[in-house]
Amino acid sequence: MFAVPVSASVGDETPPWVQKAVAIQVPTYDKEVPAVVLVDESMTTIGPDGKITDVYNYAVRILRREGRDYAEGNVGYIPEISKVKEFRAWLIRPGGETKRYGKDETLDVAGDLNDVYNEYRVKKISGTSEADAGSVFAYSYTTEDRSVFSQADWAFQGGSLPVINSRYNLTLPEGWRAEGVTFNHDKIEPKVNGTTYSWELSNLPPIPYEPMSPRLSNLVPRLAVSYYAPANSAAVPIKTFANWGEVASWLTELNDPQVVVDDALARKAYELTALAKTEFEKIRAISQYAQNIQYISIQTGLGRGGGYRPHAANQVFAKSYGDCKDKANLMRAMLKVVGITAFPVSIYSGDPNYVRAGWPSPQQFNHCIIAVKVSDQTQANTIIQHPSLGRLLIFDATDDQTPLGDLPYYLQGSLALIVSKSETELMRMPVTPPETNHLERIATLELTADGAIGGQIQELANGQTAVVFRSEFRRMSKPEYTGMIERWLTTGATAARLSKMEPSDNSADGRFTLNVEFSAKTYGQIMQGRLMVFKPAIVSRREDLTLTAAKRQHPVVLRANSYSETVNVQLPAGFTVDEVPDAVKIDTPFGSYVTSYEVKDNKLVFKRKLSQQATTIAPADYEMVRKFYESIRTAENAPVVLAKK
């Protein structure tokens, strides 16, 4: 147990809730846990006119010096719409001495530094430079706000840290009611006292890091709350959503008026599609133009729903910049010019499992893509069949590295909302099959009698595998990229020297090619003067096979991919193959892996192939997936033995 002594100075300088937090006895955690959240509580009051007053209290105890970064408080607001009435913080050191933080220690910064202009701002107080093991950092704020929504969400665990107590309190006007939906936890029933609802969880354990896990938003308990005024009450300036049809209708009212076409925009749309012979070619020409529009976000009117309304399409065209919803809207307007119908799609970017059907709310979305209505002549892996709208080609106009016909992996399989007044339910986004993300590698090598090896390796990547390679190539400088390729080569062939490198990016067709030539003076190991041992799997895959732990707490999230390699090795004169590993064939519900060896005319041909489905493996089935990867590692490290004739 660990508690900070409560001295007289603490009582003099801190409110009662902080004193109680400091006195909390906490369990003994694993030595890797850097901090523990003592109190995480929001007390939200809704006025009859829709005004929201929120009092928030938070306290964290630093357990290790590495946890000092958690000694920071922040509160967001929108000028002229919301107000931070009070913001204070305290640092209580292990001996009980207290430091208070107020206006002089508060920073006020832009909420998103990537936006050219964004009304949202954040006030911050940091104690990271002074906090140390045993310290408690606490902060509190009071805000007044007005929202267009009668909805709120609450994460009982804001991250991987353990939490002693987390509580969300909601006080409503007389006659109002609230409903809560729980995610990632059994349903949490509120305690109701008059018009105040309280949802609470205590003693939440730390969430350990495990490779290939779901996002934290799918592991921590979360609460989504909707509140409703009486049916016969005077109208209040907030929006209530009872179902997804109402969300779609509201978003449609924000989006449809912004599809503004003027003569300049129309001329450009005709120009872009003048040489297109098919429907797909027309859409592709416009999609490439939209992707090349510079991404710049200017967010205004956030407190009135402005964060969901795109700028008028003709303005985006004239200025040649916009954010995700602007790009989708511009593309929609240009398609309209050439007679093709399209709809905005509200989606969550970064976690395909974040959006839940049980809580109709636009607040679940943070991104906008597009659904293009297509005829049977258009074929692509990213087409879905909508029950009333027909065949829809799904596309992200923001991701300039993923071409039409493909979809970023972090959007695939997501629940999303087609923004149309006829829409009543969420739609599942397409998942591309493994073969569309295929990586083919061909190695042509020569092994010499002294163990040196050299030759050429060619990689042909498609789909989302090509996106990864393309992103590396575009993001890095030439020296950085060369260094990365050299490190990749040396993981298999120690001291390998790169003599030639030719990357080729064909983004329009979703392909990326890399050709390299290299040599390594020491690869085959000479044993007893008569044997040579070497691994035919010269280089590793780019991704790690990291599932090595004996036990697993969380599910394993697998991405769809396909991989094949053919290694042709010219063997040294005077040697013959003495031993080759056994061929491997593994079939599981989520993937397959095979290897083969063939020796002919003093050449060794080694082949390996992996096909993996996009799926989530339950912890109970972890042993099966661990053994799958373990078998792959074993096969790829298996040596070939040569003997002198």
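What counts and what doesn't
- Residues numbered from 1 in each chain as written.
- Predicted model: local features only at pLDDT ≥ 70, side-chain atom pairs only at ≥ 80, totals over all residues.
- Heavy atoms only, no water.
- Helix = DSSP H or I, 4+ residues; strand = E, 2+ residues; numbered from the N terminus.
- Buried < 20%, exposed > 50% of the residue type's maximum accessible area, 1.4 Å probe, protein only.
- Contact = heavy atoms within 4.5 Å.
- Areas by Shrake-Rupley, 256 points an atom, 1.4 Å probe, with all protein chains shown as cover.
- Lys, Arg positive; Asp, Glu negative; His and termini not counted.
- Charge placed at Lys NZ, Arg CZ, Asp CG, Glu CD.
- Core = buried A, V, L, I, M, F, W, Y, C linked by side-chain atoms within 4.5 Å.
- pLDDT = per-residue confidence, 0-100.
- Pairing = 2+ DSSP bridges.
- Axes fitted to C-alpha atoms, helices over the stretch in contact; angles between N-to-C directions.
- Salt bridge = Lys/Arg side-chain N within 4 Å of Asp/Glu carboxyl O.
- Phe/Tyr/Trp six-rings, centres within 6.5 Å; stacked < 30°, edge-to-face > 60°.
- Lys NZ or Arg CZ within 6 Å of the ring centre and 35° of its normal.
- Polar contact = N/O pair within 3.5 Å; in protein donor to acceptor, adjacent residues only side chain to side chain.

1. Some remarks on the overall build of the protein chain
Scanning the protein chain for helices and strands turns up 10 helices and 38 strands. Projected onto its principal axes, the C-alpha coordinates of the protein chain cover approximately 95 × 70 × 45 Å. Per-residue burial for the protein chain yields a buried fraction of 52% across its 645 residues. Once local pairs closer than 6 in sequence are excluded, the contacts in the protein chain between residues at least 24 apart make up 73%. Summed over its atoms, the accessible surface of the protein chain is roughly 29300 Å², and 49% of this surface lies on carbon and sulfur atoms. Side chains of the protein chain carry 70 positive and 74 negative charges; the gap between the two charge centres is 2 Å.

2. Quick notes on the environment of Phe628
Within the secondary structure layout, Phe628 lies in helix α10 (residues 622-636). For the pair formed by Phe628 and Thr378, sequence separation is 250 residues and the distance between their alpha carbons is 38 Å. Not counting residues up to four positions away in its chain, the partners in contact with Phe628 are Ile586, Thr588, Phe590, Gly591, Ser592, Tyr593 and Leu610.

3. Here's the deal with the nonpolar core
One recurring pattern in soluble globular proteins: nonpolar side chains tend to sit buried together. Core analysis: the biggest nonpolar cluster contains 53 residues, and Ile485, Leu489, Phe518, Phe534 and Val625 have the highest contact counts within it. Element by element, the count of residues in this core is highest for α10, at 6 residues. Core analysis: the next-biggest nonpolar cluster, separate from the first, contains 40 residues, Val75, Tyr139, Tyr168 and Trp199 among them.

4. Here we look at the confidence of the model for the protein chain
Across the protein chain, pLDDT averages 91, with 94% of residues at or above 70. In this model, residues 1-12 is a region of pLDDT below 50 whose contacts with residues beyond four sequence positions or in other chains number 40 contacts. Taken as a whole, residues 299-306 scores under 50 in pLDDT and shows 31 contacts with residues more than four places along the chain or in a different chain.

5. Here's the deal with the sheet that holds strand β22 (residues 390-395)
Taking strand neighbours across the sheet as the criterion, the 6 strands line up as β21-β22-β20-β19-β23-β24 in an open arrangement whose pairing is antiparallel. Pairing within the sheet leaves two strands with one partner each, and these edge strands are β21 (383-386) and β24 (427-428). For strand β19 (residues 342-347) and strand β20 (residues 367-373), the ladder comprises 6 bridges, and the chain directions are antiparallel. Residue pairing across strands places Ile347 opposite His367, the latter belonging to β20. Relative to the sheet, helix α3 (residues 244-255) contacts β19 and β23 (415-418), its axis offset from that of β23 by approximately 55°. The strands touched by helix α5 (residues 279-292) within the sheet are β20 and β22, with β22 carrying the most contacts at an inclination of about 30°.

6. A closer look at the pairing of strand β35 (residues 591-600)
On a regular strand, one side chain projects to one face of the sheet and the next to the other, so that they alternate. Here strand β34 (residues 585-587) pairs with β35 via 3 bridges, running antiparallel. Residue pairing across strands places Ile586 opposite Tyr593, the latter belonging to β35. Counting the residues in the hairpin turn of β34 and β35 gives 3 residues. Where β35 meets strand β36 (residues 603-612), 10 bridges bridge the pair, whose relative direction is antiparallel.

7. Here we look at the pairing of strand β15 (residues 222-228)
β15 sits mainly inside the fold: 7 of its 7 residues count as buried. Of the two faces of β15, the one carrying Arg222, Ala224, Ser226 and Tyr228 and the one carrying Leu223, Val225 and Tyr227 are both buried. As defined by bridge partners, strand β10 (residues 151-155) adjoins β15 across 5 bridges and the pair is classed as antiparallel. Within β15, the residue paired with Ala152 across the bridge is Val225. Pairing of strand β12 (residues 177-183) with β15, which is carried by 7 bridges, proceeds in the antiparallel orientation. Within β15, the position partnered with Glu179 by the bridge is Ser226.

8. Description of unusual backbone geometry
Most peptide bonds are trans, and most residues other than glycine sit at a negative phi. Even without being a glycine, Met212 presents a positive backbone phi close to 60°. Structurally, the position occupied by Met212 is in the loop between β14 (196-204) and β15. The partly exposed category is assigned to Met212, whose relative accessible area is 25%. Unlike most non-glycine residues, Ser320 shows phi in positive territory, near 60°. Checked against the element boundaries, Ser320 lands in the loop between α6 (313-319) and β18 (321-322).

9. Description of the pattern of salt bridges
By the definition in use, this model includes 28 salt bridges. Put simply, Arg441 and Glu459 hold a salt bridge, and the shortest N to O gap is 2.7 Å. Within this pair, whereas Arg441 is found in strand β25 (residues 438-447), its partner Glu459 is found in strand β26 (residues 453-462), the two being separated by 18 residues in sequence. A single burial state applies to Arg441 and to Glu459, both of which are buried. The salt bridge partner of Arg626 is Glu623, with a shortest N-O separation of 2.6 Å. Of the two residues, Arg626 and Glu623 both sit in helix α10, 3 residues apart, roughly one turn of that helix. Among the residues examined, Arg626 registers a relative accessible area of 14% and is labelled buried.

10. Some words on the sheet that holds strand β8 (residues 121-126)
The strands that make up a sheet are held in pairs by hydrogen bonds between backbone atoms, and each pair lies either parallel or antiparallel. The 3 strands lie next to each other as β3-β8-β6, forming an open sheet whose pairing is antiparallel. Edge positions in the open sheet fall to β3 (72-77) and β6 (107-110), since each of these has one partner strand only. Neighbour-to-neighbour, the strand axes of this sheet turn through a mean angle of 25°, independent of strand direction. One ladder, built from 6 bridges, connects β3 with β8; its direction is antiparallel. Within the sheet, the bridge partner assigned to Tyr77 lies in β8 and is Arg121.

11. Let's talk about the environment of Ser592
Within the fold, Ser592 resides in strand β35. For Ser592, a relative accessible area of 24% corresponds to the partly exposed category. With residues up to four places along the chain from it excluded, the contact list for Ser592 reads Ile586, Asp587, Lys609, Leu610, Ser611 and Phe628.

12. Considering the packing of aromatic side chains
Inspection of the entire model under this criterion finds 30 aromatic pairs. An aromatic cluster of at least three residues, connected via ring pairs, comprises Tyr56, Tyr58, Phe87, Tyr101, Phe137, Tyr139, Tyr141, Trp154, Tyr168, Tyr197 and Trp199. Residue placement shows Arg559 over the ring face of Tyr409; its charged tip is 3.6 Å from the ring centre.

13. What to know about the side chain of Asp54
Position of Asp54 among the secondary structure elements: in strand β2 (residues 51-62). Buried and unpaired, Asp54 has no salt bridge, with Arg167 as the nearest side chain of opposite charge at 12 Å. For Asp54, the side chain forms a polar contact with the side chain of Ser42, separated by 2.7 Å. Among residues more than four places away in sequence, those in contact with Asp54 are Ser42, Met43, Thr44, Tyr141, Thr142 and Thr143.

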